[in-house]
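# Summary of structural features
In case you want the letters, here they are:
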Amino acid sequence: QEAEERLALEQKAKDDDAAKEAKMKARQEEEEASRVAKIKAEEEQRAAQAQAKVEADQKELEEKAAKKEEEARIARIEVEERAAKEAEDAKLKLEAEQQQQQQQRLEQE
């Protein structure tokens, strides 16, 4: 009887130790899984932030390019308008000079 009780107690102690060991191992695995999930989430967040920065930089570059294109278009228009005005001024000046020369000829005759 006593030997059976001792064997039963020893078996219970072994079972308790095995249960504690299993719980500890499960807790360690859970902590490891949590750590891995946290690292993965951080990496995903960094990747998302990097992607957002790339997209923001791209948008900024596109906006700058569009602004430069608009500035170039305006400059072209201004040059064309200035050239047209200069041509018109030259034409008017030439006409005025021709009229003056004609007037002088008429006065001389």
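Right above here is the structure, for reference.
The following paragraphs examine the structure supplied in this document. (Residues numbered from 1 in each chain as written. Predicted model: local features only at pLDDT ≥ 70, side-chain atom pairs only at ≥ 80, totals over all residues. Heavy atoms only, no water.)

Turning to the overall build of the protein, a few remarks are in order. From N to C terminus, the protein includes one helix and zero strands. The C-alpha atoms of the protein give a radius of gyration of 46 Å, which is well past the 13 Å a tight globule of 109 residues would have. Considering only C-alpha atoms, the protein reaches an extent of 160 × 5 × 5 Å along its principal axes. Only carbon and sulfur atoms are counted for the fraction: they give 52% of the accessible area of the protein, which is about 10,400 Å². Of the charged side chains in the protein, 23 are positive and 33 negative, and the gap between their average positions amounts to 2 Å. (Helix = DSSP H or I, 4+ residues; strand = E, 2+ residues; numbered from the N terminus. Rg over C-alpha atoms; globule rule 2.2 N^0.38 Å. Areas by Shrake-Rupley, 256 points an atom, 1.4 Å probe, with all protein chains shown as cover. Lys, Arg positive; Asp, Glu negative; His and termini not counted. Charge placed at Lys NZ, Arg CZ, Asp CG, Glu CD.)

With that settled, the discussion passes to the environment of alanine 13. With respect to the secondary-structure elements, alanine 13 resides in helix 1 (residues 2–108). Along the backbone, alanine 13 and alanine 96 are 83 residues apart, and their C-alpha atoms lie at a distance of 122 Å.

What follows covers the environment of glutamate 32. Tracing the backbone shows glutamate 32 in helix 1. With a relative accessible area of 38%, glutamate 32 lands in the partly exposed category. Between the C-alpha atoms of glutamate 32 and leucine 92, which are 60 residues apart in sequence, the distance is 89 Å. (Buried < 20%, exposed > 50% of the residue type's maximum accessible area, 1.4 Å probe, protein only.)

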